[in-house]
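For reference, the chains in residue letters:
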Amino acid sequence: RVPRWFLDDENIRDDIEVQQKKIEHYMALSDKPQVKAMIKAPDDLTDKRDPFKVELKLSEAIAIIQKNERGRMGINKADMIADWKRGAQRKEEKAKRKEEKGDDGHDDHAQQVFSATRIAAHWKRRCDRKRFLRMRDEEFQFLGMSPPPPPAIDQISFATETRASRKKAQLDASQAYKDAMYEEKSWLAKNEGPDMKAELLEHYRQGILKRYEETLEFPENLDDFRTPDQPAEEAPPEAAAKDAKGKDGKKDEKEAPGAEKRVGTFDDQSESKVVTLQKHVNQYTNRWEGRDETTNFDQKHDRGMLSETMRPLVQHDVWREVDSLMREELANLKSIYQVAAKKKKKGKTGGKKKKDGKKKKSGDGKKKPCCAIDKLYKDDASKQGILPELVIEGFCKKVKPERLENIYGEFQYLGAIERVQHTYCPPPSMQMIKSLIVEHAILPLADADIRMDAPKMADGKSLVARSLLMYGPKGSGKSMLARAIATEAGATFFDLSPSVLEQNWDKYPGKNGPTTLLHKVFTCAMECSPAVIYMDEVDRIFVAGKKGKKKGGGGGGDGPDKIKKDLVAHLKILKTGIESTPKHRVLVIGTMSAPPPLTLPGTLDMKELDNFFDEKIWVNSPDYGSRLLLWKKFMEQAGVDVDATKLNLSALAHVSDGYSSGAIRQTVNRVLTARRIQQLKNRPLTVQEFLGPLSRTHYTWPEHWHAFREFDHVITGEAKRIEQYVQDQGGAEAPAKDAKKPAKK
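Let me sum up the structure you'll find in this document. Please read all numbers here as calculations on a predicted model, not as lab measurements. (Residues numbered from 1 in each chain as written. Predicted model: local features only at pLDDT ≥ 70, side-chain atom pairs only at ≥ 80, totals over all residues. Heavy atoms only, no water.)

Among the surface-exposed residues, Asp9, Asp14, Asp15 and Glu17 lie close enough to one another that they form a single negatively charged patch. Mapped onto the fold, Asp15 is located in helix α2 (residues 10–28). Judged by relative accessible area, Asp15 falls into the exposed class, the value being 53%. (Patch = residues over 30% accessible without salt bridge, like charges linked within 9 Å, V, L, I, M, F, W, Y side chains within 5 Å. Areas by Shrake-Rupley, 256 points an atom, 1.4 Å probe, with all protein chains shown as cover. Salt bridge = Lys/Arg side-chain N within 4 Å of Asp/Glu carboxyl O. Lys, Arg positive; Asp, Glu negative; His and termini not counted. Charge placed at Lys NZ, Arg CZ, Asp CG, Glu CD. Helix = DSSP H or I, 4+ residues; strand = E, 2+ residues; numbered from the N terminus. Buried < 20%, exposed > 50% of the residue type's maximum accessible area, 1.4 Å probe, protein only.)

Printed below as a string of structure tokens:
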């Protein structure tokens, strides 16, 4: 599971909402209809073509309607004739009985006895049937063949409602606390602010006058007159960090000589965390440990503590205002009393400044080796201006939200045995895929500390994935997983699929066009981190170069493979481990719907593809257990409670072998229309209703599945590992065989 605070944290939630509002605003400015449509209907990254739609000519459609109409009329006529025959037969039987018994042919007493006997027999049979059905359900529940009856209180729904109500109470309390903070700060600024301001102004003026009486000169700045609890002028963070680092480093160097090296100590990052933790412990000890909160059941804020919290903020605002006023006042005093001295000083130093300026100009005149694109986007303002361009062009998208808990699948319990006994590794189950994605992709993408502290494997490779490749048949859930990663991490979504690239090549012409585009996308992604860069049909990007071209170069023409070289170069910018920063939280996701032997035979650059993607996942068609779960879940989502004793879900799971989860969803949505759901009471569901629509969806043929297996065997490095293992075993057995040979006489 993914930690809820990735999305529930107040600051993170506000940042995500602001980012989405920005994207929607820029989408409204686009002249592309598909971009504007994403404001109300976010893109789900799926194929919009209806598999059940058949393209027909007008004459063919009319012929089908005529054929069905003639069939309907024939059925109605046959029903009418059958009703007429049954009525005539009943009349003949009634007339025959009348002739046999005479008179009116009725015996009231006998008829009443017969009717009562029939009613009693039917009622007894109905009661016995209900009793036997109840006994059968109890036995099935005891044997575990059917689920137990639903409890009086659904604990899952109850827990969900409780959490929602508590969350609402937390948000209301947080908003009330913010309002109280604003009111308290306003009250302090109105009532205590003027006194603070007057006292501080008096302190500054007395200090300046005293300095002038002693030295007949005004001070250069106001640092000498600050109160002990007043901070100095704000310095740039980088300079402050540099000064602190230099002072501390020199101090440590002076104290270090002659001392033994410490073993088992924390590093700098761990020490800072310990200091922060100790700070919070001291705060709790001083403020909360001895406080009696037994009467404050609703945990309302305390007015006195709130005043203590807000008073330093008011003081800081007053200090900034007074500093600004005193700088102006000091400048005015200097201009009044020291004008002549200032002019003389300027006259003496004017020539030197000019010379220095010339020298500086001649020194800076040398061109430094730098990228021309970096010059365009070297400041934060220009980097922020990239986002509107990418949104309007369709590279930055608003995708349909998805949660990992809505991606269903069973765990493959025999997978461990198959990995040992078989040459080819079996495809991972959906539960394994979700675990891998959470650990290697979502957690490092959502939290910078996890990305920095992630351990490394034995071969030195980081567990953090900068890039992720998912391959599998159409409809297996690759795009859904990509949307789930972006949703769970609160990431901005960028789309570099070939279909999007081909629509915008005219805006990035020439040799440097792909470089400019990739630089824009990666720069904007790092500024909007966390971010996901999605590439569908990645096999069209990583195309092997022709003979005679430079290795690793992009393809020619206007194909999507033009970005391959720049894509590989930009991936190296993303860092992991201790070198990473929050801006490096970018994940590149590539998907493939068919292996190389089926799409681009002999043209896929397997080596470059393997080196580019850190993690590779085979998203296969669901197995039997997952298919059984999918049929049930999709029907429940459509509003149908499935009874396994009435609808054979096991048969549906067997016949849908080779079909993807997307195909099963399309079939359920096709069959369970609103009209069909209304007819369930009179006409229950049958297996035969699902077979026709299922047969028209995408199916993974055996040769396609074997091609995926072979591709997975190579791209994951399993083939090399087995080959190396066989060679090592052969080298170990050779000396043993030589030792067993008898010595020649």
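Turning our attention to the environment of Leu45. Position of Leu45 among the secondary structure elements: in the loop between α3 (33–37) and α4 (58–101). Through-space distance from the C-alpha of Leu45 to that of Lys400 is 8.5 Å; in sequence the pair is 355 residues apart. Aside from chain neighbours lying at most four places away, what touches Leu45 is Val399, Ser479, Arg483, Phe493, Asp495 and Tyr534. (Contact = heavy atoms within 4.5 Å.)

Alternating residues of strand β6 (residues 615–618) divide into Glu615 and Ile617 and Lys616 and Trp618, and every residue in both groups is buried. Direction of pairing for strand β2 (residues 467–471) relative to β6: parallel, over a ladder of four bridges. Of the residues in β6, the one forming a bridge with Met470 is Ile617. (Pairing = 2+ DSSP bridges.)

It is worth spelling out the packing of aromatic side chains at this point. Within a pair of aromatic rings, the relevant descriptors are the distance that separates the centres and the angle that separates the planes. Tallied over the entire structure, the rule returns 12 aromatic pairs. With a centroid separation of 4.7 Å and 75 degrees between ring planes, the pair formed by Trp5 and Phe6 is classed as edge-to-face. Look at Phe6 and you get buried, because its relative accessible area is 2%. For the ring pair Phe493 and Tyr534, a centre distance of 5.6 Å and an interplane angle of 35 degrees mean the geometry is tilted. (Phe/Tyr/Trp six-rings, centres within 6.5 Å; stacked < 30°, edge-to-face > 60°.)

Under the criterion given, the structure shown has zero disulfides. Not part of a disulfide, Cys528 finds its nearest cysteine sulfur in Cys524, a span of 3.9 Å. (Disulfide = S-S within 2.5 Å.)

Their axes nearest at 10 Å, the elements helix α16 (residues 430–446) and helix α18 (residues 478–489) cross at an angle of 40 degrees. Classified by the interaxial angle, the pair formed by α16 and α18 is oblique. Pair α16 / α18 crosses with right-handed handedness. Each of Met430, Ile433, Ile437, Ile442, Leu445 and Ala446 in α16 lies in contact with α18, whose residues at this interface are Leu481, Ile485, Glu488 and Ala489. Grouping the amino acids of the contact of α16 with α18 by side-chain chemistry returns nine nonpolar, no polar and one charged. (Axes fitted to C-alpha atoms, helices over the stretch in contact; angles between N-to-C directions. Parallel < 35°, antiparallel > 145°, perpendicular 65-115°, else oblique. Left-handed = near helix turned anticlockwise from the far one by under 90°. Nonpolar A, V, L, I, M, F, W, Y, C, P; charged D, E, K, R; others polar.)

So, about unusual backbone geometry. Look at the link from Ser529 to Pro530: it is a cis peptide, with omega at 0 degrees. Even without glycine at this site, Leu45 takes up a positive phi of about 65 degrees. The backbone of Glu537 sits at a positive phi, close to 50 degrees, despite the residue not being glycine. Note that Glu537 resides in the loop between β4 (531–535) and α21 (564–571).

With that settled, the discussion passes to the environment of Tyr182. You can see Tyr182 is positioned in helix α6 (residues 155–191). With 128 residues separating them in the primary sequence, Tyr182 and Met310 have C-alpha atoms 8.9 Å apart.

Attention now moves to the environment of Ile433. With respect to the secondary-structure elements, Ile433 resides in helix α16. A relative accessible area of 2% means that Ile433 is categorised as buried. Expressed as a C-alpha distance, the spacing of Ile433 and Phe411, which sit 22 residues apart in the sequence, is 9.9 Å. Those residues in contact with Ile433 that sit more than four places away from it in its chain are Pro428, Leu481, Ile617, Trp618 and Val619.

In terms of nonpolar packing, the biggest core is built from 49 residues, with Leu390, Phe494, Ile533, Met535, Phe542, Leu609 and Phe612 touching the most fellow members. Here the element with the most residues in this core is helix α20 (residues 513–527); it accounts for seven residues. Ignoring anything within four residues of it in the chain, the contact list for Leu609 reads Leu469, Val538, Phe542, Met592, Leu604, Phe711 and Ile715. Counting 32 residues, the second-largest nonpolar core is a separate cluster that includes Phe6, Leu45, Ile407 and Ala441. (Core = buried A, V, L, I, M, F, W, Y, C linked by side-chain atoms within 4.5 Å.)

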